Amino acid sequence: MSPSTPSATPVRPRRRRATLAWTATVLALACVTACTSTSAAQSTTSASGTSTSVTSGAAAGASGTTAATTAATTPTSASASTGASSTGAASTAGTPTSGAGTTGSSIPGLDPAALAVMNKAPYTAGQWAISVRDLDSGRPFVSYNADKLFQPGSVVKTYSVGAAWQQFGPDHTVVTPVKRTGRIVGNTLQGDLVLVGAGDLTMGGRTKPDGTVDFTDLDHNDANAIPGATLTPEDPLTGLDQLAAQVRSAGIRHVSGDVVVDDRLWEPHALENGPVTPIVINNNLIDFTTTPGRVGAVATVAMRPKVAPWTVTSQVKTVPAGQPTGITVTAPREGTVVLTGTIAADSAPVVNTYAFKDPATFARTAFIEALQRKGVSVAAKAVADNPGGRLPAKAAVAALPAVAKLTSLSLDQEATYTLKISYNLGAETFICLLAVQAGSTKCEAGLARAAEIWRRAGLDPTGAVLIDGSGLPGNLITADNQVQLETIMAKRPDAARWKATLPVLGVDGSLALVQSKGPAKGKVFAKTGTLGAGDLFNDRLLLPAKALGGYIDTKAGRHLAFAVISTNSVYTDIQGVFAANDDVGKVVEIIQQSY
């Protein structure tokens, strides 16, 4: 469907780059399928034609903490005890004793075992930055390149989500209303229903029975990049069904006008991986789960959610056990998806996704269908472009009577989802909401607002250069600035709730498979960050950034804030990239054991 109304205006990405922005989740959990499936390899291809093959893998790095009351003492390992001077002066730490172009043979406060990891061949042409500080005493334990700006990848999400956390509070919710124009005569609404997008990230589609958010360690947002994604059991249309039931309860059985989605909370805004919209249904994705049949047969595919006019056709062939699985997702036109390729007979079901281009139109049709399921008919056609031109002015919509309301999950739950699985569009939504709170409809204004919030909290914003809230290429921070940020959050009354939003080493989210059998499992709480690119000149892979920032509960009972950033490491194959995830995690594990 070609957009024709203001609300369906195509969103143009702000920039295009050759660099591929891999989320921390993708690289952290890339081995999920390869580690559990007997297939030799799996490959998925997005609609744009980018293909990634996986044969095995490791996981990504981490870190953790919370504010405590015990005073810092000397590190428990002799080698680490050289790290923090009794004065706590950070300026004396961090100069390597040798090795221009390498990390060197010693860094004060850092166990030599960590240096051995950092001096591996892939890292010799890059750089490392490390900052570790005791949360109780404020003493710096490790400071290496800690005041230098480096790309941190998705660690940037702590800046966007953390600013929203401070501005709105962890219990904050948003309300998505359904307004009506015209009067209700008998059981007929002589007018339109208006579904007003409010920036609810999940719209009831990930809410567990206990009211918390559900997620899988490898989320469907990454399904086309790396195999192994799984879906949560909740129905992504739950929120729309609840709104439709309320419309019926308001006495409406028929709508003589239309259903319109008002997505004007902020102006059209996009990242490299899609539009950032006030209305979000199933992360603005359609899920496809392919299950193998008998060898030679076409595999079956299930689509979720089922919304007109969308259909899927499987041309995926089942091949003998152990052969590669590779599925391509294409959409010859909006509304029609075709899956092609192969799936091994012994493969687990494979999840792929398609990102529809017009979230407002998709939400409109999905809502009309929800109304129909609840016994409310609509005169207008369900399958049509969102008629944004019918909308009155925003102020007039706000003044209209509401016939239904959906309250979002609390901010801490939406933050948990965003940070655990590294959801780019979710993090950017927080920036857009900050812009709206500041009185702007331009999402870019949210970054300036975030800087004001952090400055007021005591963070030096000049320690970061941010161009978005999600961590795509071009953002820069210092390791010290990330530690300062986490220290600020650790001193808040809701520090434990903030800490709980972060991935946990070896346990969940983008750190689920990192050092999962090591002694630091469950003791490190950190946001991951990864940027990846291809070296076409040498047929190699480059990681411009592999980073972790957060907290460590140490072996000796200390509570540390930390940041570890590795830059410009180079690998000959994808296996090396997976190893980088564990290498950064290993450095953090050694720090956890040393103090």
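For the structure, check the block above.
It should be emphasised that the depicted structure is a prediction, and the values quoted were computed from it without experimental measurement.

A. Expanded view of the sheet that holds strand S14 (residues 300–304). Read across the open sheet, the 3 strands follow the order S14-S13-S18; overall the sheet is antiparallel. Of all the strands in the sheet, the pair left with one neighbour each is S14 and strand S18 (350–355). Ignoring strand direction, the axes of neighbouring strands in this sheet form an average angle of 25°. As judged from the 5 bridges shared by strand S13 (residues 285–291) and S14, these two strands associate in the antiparallel manner. Bridging from a neighbouring strand, Asp287 pairs with Arg304 of S14.

B. Empty space enclosed by the protein, seen in detail. With the rule as written, the count across this model stands at 6 cavities of 30 Å³ or more. Taken as a whole, the largest cavity encloses approximately 110 Å³ of empty space. The wall of the largest cavity is formed by Leu201, Thr202, Gly205, Arg206, His220, Leu231, Thr232, Glu234, Pro236, Asn282, Asn283 and Arg304. When its residues are assigned to classes, the lining of the largest cavity shows 3 nonpolar, 6 polar and 3 charged.

C. How the structure looks around the sheet that holds strand S10 (residues 259–262). Spatial strand order, S10-S8-S5-S20: 4 strands in an open sheet with mixed pairing. Strands with a single pairing partner mark the edges of an open sheet, and in this sheet they are S10 and strand S20 (402–407). Averaged over all neighbouring strand pairs, the angle between strand axes comes to 20°, with direction disregarded. Here 5 bridges tie strand S5 (residues 175–180) to S20, and the two strands are oriented antiparallel to one another.

D. Representation of helix H6 (residues 359–373) within the structure. Its 15 residues place the ends of H6 21 Å apart at the C-alpha level, agreeing with the 21 Å of an ideal helix rising 1.5 Å per residue. Buried residues dominate H6, accounting for 13 of its 15 residues. Immediately downstream of H6, the backbone of Gly375 shows phi near 90°, a positive value.

E. Region of the structure containing the packing of helix H4 (residues 157–168) against helix H8 (residues 411–421). Two elements in contact, H4 and H8, have axes whose closest approach is 11 Å; the angle formed by their N-to-C orientations is 180°. What the angle tells us is that H4 and H8 run roughly antiparallel. On H8, the residues touching Lys157, Thr158, Val161, Ala164, Trp165 and Phe168 of H4 are Leu411, Asp412, Ala415, Thr418 and Leu419. Among the residues forming the contact of H4 with H8, the class breakdown is 7 nonpolar, 2 polar and 2 charged.

F. Local environment of the packing of aromatic side chains. Per the stated rule, a full pass over the model turns up 8 aromatic pairs. Plain terms: the ring middles of Trp310 and Tyr354 are 5.6 Å apart, the flat faces sit at 45° to each other, and that makes the pair tilted. Here Tyr354 lies in strand S18 and Trp310 lies in the loop between S14 and strand S15 (311–319), a separation of 44 residues in the sequence. For the pair shown, Trp310 and Tyr354 are each scored as buried. Ring centres of Phe356 and Phe362 lie 3.9 Å apart, and the angle between their planes is 10°; this geometry places the pair in the stacked category.

G. Up close: the nonpolar core. Formed by 46 residues in total, the largest nonpolar core has its most connected members in Val178, Leu193, Leu240, Leu243, Val247, Phe367 and Leu371. The next biggest cluster of nonpolar side chains, apart from the first, holds 39 residues, and it includes Leu201, Phe430, Ala450 and Met489.

H. Geometry of the state of the cysteines. Applying the stated criterion across every chain, the model contains 1 disulfide. Cys432 shares a disulfide with Cys443; S-S distance 2.1 Å. For the disulfide bridge between Cys432 and Cys443, the dihedral angle about the S-S bond is near 110°, and by the sign convention the bridge is right-handed. Pair noted here: Cys432 is in helix H9 (residues 424–437) and Cys443 is in the loop between H9 and helix H10 (445–457), with a separation of 11 residues, a long-range link. Judged by relative accessible area, which is 1%, Cys432 ranks as buried. Judged by its relative accessible area of 1%, Cys443 falls in the buried class.

What counts and what doesn't
- Residues numbered from 1 in each chain as written.
- Predicted model: local features only at pLDDT ≥ 70, side-chain atom pairs only at ≥ 80, totals over all residues.
- Heavy atoms only, no water.
- Pairing = 2+ DSSP bridges.
- Helix = DSSP H or I, 4+ residues; strand = E, 2+ residues; numbered from the N terminus.
- Axes fitted to C-alpha atoms, helices over the stretch in contact; angles between N-to-C directions.
- 1 Å grid on protein atoms, 1.4 Å probe; cavity = no way out; pocket = protein on both sides within 12 Å on 5 of 7 lines; lining within 4 Å.
- Points joined across faces, edges and corners; volume = space filled by probe spheres on them.
- Nonpolar A, V, L, I, M, F, W, Y, C, P; charged D, E, K, R; others polar.
- Expected span 1.5 Å × (residues − 1).
- Buried < 20%, exposed > 50% of the residue type's maximum accessible area, 1.4 Å probe, protein only.
- Parallel < 35°, antiparallel > 145°, perpendicular 65-115°, else oblique.
- Contact = heavy atoms within 4.5 Å.
- Phe/Tyr/Trp six-rings, centres within 6.5 Å; stacked < 30°, edge-to-face > 60°.
- Core = buried A, V, L, I, M, F, W, Y, C linked by side-chain atoms within 4.5 Å.
- Disulfide = S-S within 2.5 Å.

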